[in-house]
Amino acid sequence: MRAAVMYGAGDVRVEDRPDPKIVQPTDAVVRVVASCVCGSDLWPYGAMPATDTGRPMGHEFLGVMEEAGVDVTGLSAGDLVVAPFTYSDNVCDYCARGLHISCRNGGRYGFDGVDGGQGEAVRVPHAGGTLLRLPVAADSALIPSLLALSDVMTTGHHGAVTAGVGRGDTVLVVGDGAVGLCAVIAARRLGAERIVLAGRHEARTDLGRHFGATDVVAERGEEGIARIRELTGSVDRVIEAVGTRPALDTALGAVRDGGTISRLGVPQYEQGPIGPAEFMRNITLTGGASPARAYIEQLLPDVLDGTIAPGRIFDQTYTLDQTPQAYRAMADRQVLKALIRP
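Keep in mind the model is a prediction, meaning the values are calculated, not measured.

## Considering the overall build of the chain
Turning to step 1, where the next piece is worked out: Within the chain one finds 12 helices and 18 strands.
Turning to step 2, where the next piece is worked out: Seen along its three principal axes, the alpha-carbon backbone of the chain occupies a region of about 60 × 40 × 40 Å.
Turning to step 3, where the next piece is worked out: Of the contacts formed within the chain by residues at least 6 apart in sequence, a portion of 69% connects residues at least 24 apart.
Turning to step 4, where the next piece is worked out: Total accessible area computed for the chain in this model is approximately 14,400 Å², and 47% of it derives from carbon and sulfur atoms.
Turning to step 5, where the next piece is worked out: Positive and negative side-chain charges in the chain, numbering 32 and 41 respectively, have mean positions lying 3 Å apart.

What follows is the structure, given as structure tokens:
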């Protein structure tokens, strides 16, 4: 099969790799219908040390089950399925608590001999606990929005949930990338009255307004914080969807005392301000990697009936062989989120 492999910073290649096969009785082989490039893929794309072996890429995909191991239940060959961005058994103590990201038997695509999602097919471990059947055909117009449930929409939802967004809240979303825009969808869905989107890319913030943002703040740093406070006084909840220290500083500067900040962006820093000043403000700092498997069933009905349409974040479609171009376009901020069709 053909699949994308990263060999170092800026070096993504599409090459021939062995076809996936059932290894464990809980495995399934999924023929990919759609996948995409994640914003988190851009961190290794910018900084990964060169390697001779390469790393299979991609962790967001949906497709048609071709084969299942003898212990896979609830799914059949021919089912259209969506894969959360990590696999999990859905039975361990962490999964039972809705924290599938910490599954004791789970793992990540592209590591430990498991295929990446940016390819023609994937061996999915613990398929019965991981994959969810979709009640549409593989050519459905809903495919982009259903693919978003694999990671980006469930991650935005995780930010809104962990921030405690509720009816009547004023919410700040820091970052106009795909996750930030999905966080706007999620905050609106949970009843936020006012949603401020901090971003400076007009096409993206316009989409954010369509999704439910009531205000846009393009300024950054202290100027941005002052503008947010001018608009709102202070915000109840912040969803930080970038992962840089300046983004966290904006969140801390804008949130009210007693408010909550949820970090969604993978942190590109090791230390942050947690000293006496923050302590005295009783700010809750939460967030983390989304347990996507726990959220897909909650969000799926709203995608199916058109209440939410996160697939609009995909603004360019590439063939599998064009995956290196998709990475370049996203890294250069020419594309918000690239959809890949094998």
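## Topic: the nonpolar core
Turning to step 1, where the next piece is worked out: Ranked by internal contacts, the top residues of the largest apolar core, which has 46 residues, are Leu-62, Leu-149, Met-153, Val-173, Ile-239 and Ile-313.
Turning to step 2, where the next piece is worked out: If you tally residues by element for this core, the top one is helix 6 (residues 178–189), at eight residues.
Turning to step 3, where the next piece is worked out: What Leu-62 contacts, discounting residues up to four positions off in sequence, is Val-32, Val-33, Ala-34, Leu-80, Val-81, Val-82, Leu-134, Ile-143, Leu-146 and Leu-147.
Turning to step 4, where the next piece is worked out: Core analysis: the second largest hydrophobic core is formed by 18 residues, Val-174, Val-238, Ala-251 and Tyr-269 among them.

## Here's the deal with the layout of surface pockets
Turning to step 1, where the next piece is worked out: Looking at the second largest pocket, its volume works out to about 170 Å³.
Turning to step 2, where the next piece is worked out: Contributing to the lining of the second largest pocket are Ile-185, Arg-188, Arg-189, His-210, Phe-211, Thr-307, Ile-308, Ala-309 and Arg-312.
Turning to step 3, where the next piece is worked out: When contributions to the lining of the second largest pocket are tallied by element, the ones reaching two or more residues are helix 6 and helix 7 (202–211).
Turning to step 4, where the next piece is worked out: Per-element tally for the lining of the second largest pocket: the top contributor is helix 6, with three residues.
Turning to step 5, where the next piece is worked out: Here the residues of the lining of the second largest pocket are counted per class, giving four nonpolar, two polar and three charged.

## Let's talk about the sheet that holds strand 4 (residues 55–56)
Turning to step 1, where the next piece is worked out: Read from one edge to the other, the open sheet built from three strands follows the order 2-1-4, with strand pairing classed as antiparallel. The open sheet has two edge strands with one neighbour each: strand 2 (11–16) and strand 4.
Turning to step 2, where the next piece is worked out: Two strands pair when backbone bridges link them, and strand 1 (residues 2–8) and strand 4 are joined in this way by two bridges, in the antiparallel orientation. Following the sheet pairing, Val-5 is matched in strand 4 by Pro-56.
Turning to step 3, where the next piece is worked out: Against the sheet, helix 12 (residues 323–331) contacts strand 1 and strand 2, and its axis sits at roughly 160° relative to strand 2.

How each quantity is defined
- Residues numbered from 1 in each chain as written.
- Predicted model: local features only at pLDDT ≥ 70, side-chain atom pairs only at ≥ 80, totals over all residues.
- Heavy atoms only, no water.
- Helix = DSSP H or I, 4+ residues; strand = E, 2+ residues; numbered from the N terminus.
- Contact = heavy atoms within 4.5 Å.
- Areas by Shrake-Rupley, 256 points an atom, 1.4 Å probe, with all protein chains shown as cover.
- Lys, Arg positive; Asp, Glu negative; His and termini not counted.
- Charge placed at Lys NZ, Arg CZ, Asp CG, Glu CD.
- Core = buried A, V, L, I, M, F, W, Y, C linked by side-chain atoms within 4.5 Å.
- Buried < 20%, exposed > 50% of the residue type's maximum accessible area, 1.4 Å probe, protein only.
- 1 Å grid on protein atoms, 1.4 Å probe; cavity = no way out; pocket = protein on both sides within 12 Å on 5 of 7 lines; lining within 4 Å.
- Points joined across faces, edges and corners; volume = space filled by probe spheres on them.
- Nonpolar A, V, L, I, M, F, W, Y, C, P; charged D, E, K, R; others polar.
- Pairing = 2+ DSSP bridges.
- Axes fitted to C-alpha atoms, helices over the stretch in contact; angles between N-to-C directions.

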